[in-house]
Amino acid sequence: MIFEKSVQGRIGVSLPELEVPKSELKIPENYLRQELNLPELSEVDVVRHYTELSEINFGVDSGFYPLGSCTMKYNPKVNENIASLPGFRDLHPYQPEELSQGALRLMYELSSDLCEITGMDAFSLQPAAGAHGELTGLMIAKAYFKDKREKRKNILIPDSAHGTNPASSVGCGFDTIKIETDKTGNVDIKALKAACDENTAVLMITNPNTLGIFERNIVDICNTVHSHGALIYLDGANMNAMLGIVKPSEMGVDMMHLNLHKTFSTPHGGGGPGGGPLGVRDFLKDYLPIPDIEKEEDRYYLSYNRSKSIGRVKPFYGNFGVMVKAYSYIRMLGAKGLKDVSENAVLNANYLMNKLKDDYLLPYDVVCKHEFVISGEKQTKHGVRTMDIAKRLMDYGFHPPTIYFPLIVKEAMMIEPTETESKETLDAFAEAMHKIAEEAKSNPDKVKNAPHVTVTKRLDGVLASRKPIVKYNKED
Amino acid sequence: MNFVPNTEKEKKQMLSFLNINSLEELFTDVNEEIRLKGPLKLPKPLSEMEIVKHMRMIGSENSDIQKYSCFLGAGAYHHFIPSVVDHLVMRGEFLTSYTPYQAELSQGTLQSIFEFQSMICELTKMDVANASMYDGASAMAEAAIMAAKYTERKKILVSRAIHPEYRQVLRTYANTFGLEIIEIGIDSGLTDLGDMESKVKESVACVLVQSPNFFGYIENLTDCVNIAHQNGSLFISGVLEPISLGILKPPGDFKADIVVGEAQAFGNPLNYGGPHLGFMATKEEFLKKLPGRISGMTVDTNGDRGFILTLQTREQHIRRERATSNICTNQALNALAATIYLALVGKRGLRKLAEICVQRAEYACGKIAKLEVYELISKAPFFNEFTIQCSESPKKINELLLKKKIIGGLDLRMFYQELENCMLFCITEMNSKEDIDMLVKALDEVMN
């Protein structure tokens, strides 16, 4: 712990001289700070401490990270260099527009690239993450129906949806209605039709859904919802399966967010920063946050002209540094490269799914898209749970998949290999999963007590919640 | 370039394992009628060499502020970033990991978040803090929502001396979450306490004030807290320029209930406004109401210390409809940069840095105010920003300054109709005495 390494009198920076004549502070004494107990370390202490911490962390750069619905693909290093150029990172958000033409151009062009990829008519780049984009979308839905003087209270959400969907809906003051999944892993179209009426504001749908299945009835679903005057919101977290294959606009989607940190390869950073741009069809364009970027002849400028705008959802213009990397990625890949991404992501997922289905229960044995869900249910008879399998994977050098999600599959393991993994890696992962399935039968304790080789053994989450210690204290 | 490692041969092997002949067969479930018929219309793909060239070209259409002498602050601060920060945050194990759901493989991220929370608590003198938020504005909006839920009241009292874009974000959230925003006026660069007192009713959930405020001035937090607490409203204290915490009495010592702020100034680049990072700290009793991720200390099966995401039952992925917030991602890497930065500057460095900022700002302000046509709008104490009234339009002054390679202060007319000819200047350690003297000279010249 950094605080434990502190030695009185050390410092890790060299600061410039005061330069100006020292004057008596005008700040009254009772507004001045008495003590500040930050740690004191030398530069080398700090470097070693955080290098050590990095060594007990696992990223895509360390190995296979098949966290379902998170698209943990390789993040091209060149994009880090590019985003660090002074022409991008040393720009003040309030510097004059004539000194920021490149930045405005980049945002303008990124928006139009995203429009082309999704078929949406306009994008706002302000939202900082997927959940933020979602919230922005629902704010727009609320404003839209208010303008139409329609009191629509309900948001329909399939039971396989990401947890952010219901959380965002309730935050915006809507009620949620859960739509069941049918036996084939698709939205139960009968249940949907029954739930859809003049009180329906929005259907929030994920497609491919979180089982990794492309909704068979997507067109019918969208038509049904539209016939009641409601809107379709697509959670675009799973766009990695659809690049250059199908545009969400063609399905009937009215609004969607993209996760720049998933589909467009900007690094996840241990949980952010991300980017969750929101795209909408023409009839909702005026509701998007302000400012947006417009172009007149060769000049780009910030525009505050959207008459019905819901307002601002972020200071300044969004996570610009993340946009730089996403833009660069799209321009490197081009149309063909993006289609390759989706084709190979889907190939990798189907290959791995079929490699695993002998050892593990595959509840929906159909062609999958970029991810799939298996279950640890077969292993429970040996007393081994999905949590145990996940922890045992660490001993084999892999990051576990998303577990216990989606909620509709018992003992779920949601696996998304992404396109940037090789056949050898997938084979090695399948081999490890096979060994674990064998161990579950022959030596279940080995699995139940995993992990064995990580820096800590299994951590006590119950204790952490019962007696929360959330900051450093000498005695703890 | 598509970053796909598999060769054509390997792809064929995989297809044959699947008993299919082409990739196309994997997409037969996508209805033919909606399938994309031709390729996406995007510019042609670029090699690594070409993309670097292309991006350098776009970057050069901007003028980075290193090329100028820049006096802009207003919520985005230009401070020096020690080389160590970039080197460490660029380590792939940090950069390419995700939310630490699997604690045993994420001890690095979890411990650094724990350290971040601890440092934020120390800086603000609050009991608990979360893992970070999108930015200072969303932290403020989330704090207002939290206060409204806790007090079961709907009115949010907001000082007009808070960053205008934060208030805009707050308004957007309030419209959606059914909260009513009531603004408190400004008096000589400070929140009008009389106005505040007249508006704090029993229906008010919380009172929001930023100190130093948007104009740079230090608010009378003692009085603000007392007024807010009269009717059981919570007091939410905002921090816009966190370097100020190196020298100013922390909000916790004034008995603030929630402290929210922006921590970009700690080791994060300006990035044209993002990514930056917000923070939120509060009292122990509100721990379970806090939105966002929290890293907690625990033990493993051997009894050894470790860290884990804790109190997850507040969060959307467990609680769904009943979550405290819909937040999923925070700004972990930015928080890591802030943590490393604070470890480097430490106790003495942060104080010294704050002193450099305040002394140089004092110097600049004194010199500018001595010029004939420039006047301070307030006599209140400030940290490193101050507001000057001029006899000309700031737009015109800034245009003339720009010719001398100076980016002047922010024209406040952009946000406050009543503040005609007012400019907000910011001074950090990046503005040398020489830069300041040049600014003063130029300001004098442009008026003659």
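Residues numbered from 1 in each chain as written. Chains lettered and ligands numbered in written order. Predicted model: local features only at pLDDT ≥ 70, side-chain atom pairs only at ≥ 80, totals over all residues.

## Focus: the overall build of chain A
So, step 1. Of regular secondary structure, chain A possesses 14 helices and 12 strands.
So, step 2. For chain A, the C-alpha radius of gyration of 25 Å lies close to 23 Å, the compact-globule estimate for 476 residues.
So, step 3. For chain A, the proportion of its 476 residues judged to be buried stands at 59%.
So, step 4. Of all intrachain contacts in chain A linking residues separated by at least 6 positions in sequence, the fraction that spans at least 24 positions is 72%. (Helix = DSSP H or I, 4+ residues; strand = E, 2+ residues; numbered from the N terminus. Rg over C-alpha atoms; globule rule 2.2 N^0.38 Å. Buried ≥ 20, exposed ≤ 12 C-beta atoms within 10 Å, placed from the backbone. Contact = placed C-beta atoms within 7 Å.)

## Comments concerning the overall build of chain B
So, step 1. A count of helical and extended segments in chain B gives 13 helices and 17 strands.
So, step 2. Taking the principal axes of the C-alpha coordinates as reference, chain B spans close to 85 × 55 × 50 Å.
So, step 3. For chain B, buried positions account for 61% of its 448 residues.
So, step 4. Across chain B, every contact between residues at least 6 apart in sequence was considered, and the portion connecting residues at least 24 apart equals 72%.

## Comments concerning the nonpolar core
So, step 1. Counting residues in hydrophobic clusters, the biggest one holds 301 residues, and the most contacted among them are Met323(A), Ala144(B), Cys206(B), Val207(B), Leu208(B), Ile236(B) and Ile340(B).
So, step 2. With residues up to four places along the chain from it excluded, the contact list for Cys206(B) reads Ala144(B), Ala147(B), Ile156(B), Leu157(B), Ser233(B), Leu234(B), Phe235(B) and Ile236(B). (Core = buried A, V, L, I, M, F, W, Y, C linked by C-beta atoms within 7 Å.)

## Examining the domain arrangement of chain A
Where interface size is given, it is often the accessible area lost as the parts come together that is meant.
So, step 1. In terms of domains, chain A is made up of domain 1 (2-55), domain 2 (78-333) and domain 3 (340-462).
So, step 2. One C-alpha centre belongs to domain 1 of chain A, the other to domain 3 of chain A; they are set 45 Å apart. (Domains from an automatic or database assignment.)

## A word on helix H12 (residues 423-442) of chain A
So, step 1. The terminal C-alpha atoms of H12(A), which comprises 20 residues, lie 28 Å apart, in line with the 28 Å expected from a rise of 1.5 Å per residue.
So, step 2. Every buried residue of H12(A) is listed here: Lys423(A), Leu426(A), Phe429(A), Met433(A), Ile436(A), Ala437(A), Glu439(A) and Ala440(A).
So, step 3. Looking at the packing, one finds that the buried side of H12(A) touches helix H10 (320-356), helix H11 (386-395) and helix H13 (444-448) of chain A together with helix H1 (8-17) of chain B. (Expected span 1.5 Å × (residues − 1).)

## A look at the pairing of strand E4 (residues 180-184) of chain B
All names here are of chain B.
So, step 1. Summarising the sheet, strand E3 (residues 155-159) and E4 pair through 5 bridges and their orientation is parallel. Looking at E4, one finds that Ile 156 is bridged to Ile 181.
So, step 2. With helix H7 (residues 164-177) bridging E3 and the parallel E4, this β-α-β connection has right-handed handedness. (Pairing = 2+ DSSP bridges. Right-handed = clockwise from strand over helix to strand, strands pointing away.)

## Considering the interface of chain A and chain B
So, step 1. Opposite the 166 residues of chain A that make contact, chain B presents 162 residues.
So, step 2. Looking at the side of chain A that touches chain B element by element, the count peaks at 22 residues for H10(A).
So, step 3. Grouping the constituent residues of the side of chain A that touches chain B by class yields 87 nonpolar, 46 polar and 33 charged. (Nonpolar A, V, L, I, M, F, W, Y, C, P; charged D, E, K, R; others polar.)

## So, unusual backbone geometry
So, step 1. Put simply, Phe405(A) and Pro406(A) share a cis peptide bond, and its omega is 0°.
So, step 2. Tracing the sequence through the fold places Pro406(A) in the loop between strand E11 (402-403) and strand E12 (412-415).
So, step 3. Cis geometry is adopted by the peptide bond preceding Pro212(B), which originates at Ser211(B) and carries an omega value of -5°.
So, step 4. With respect to the helices and strands, the residue Pro212(B) is situated in the loop between strand E7 (204-210) and helix H9 (221-229).
So, step 5. The phi angle at Ala74(B) is positive, at roughly 55°, despite the residue not being glycine.
So, step 6. The residue Lys255(B) is not glycine, and still its phi comes out positive at about 70°.
So, step 7. Among the structural elements, Lys255(B) can be located in the loop between strand E8 (234-239) and strand E9 (258-262).

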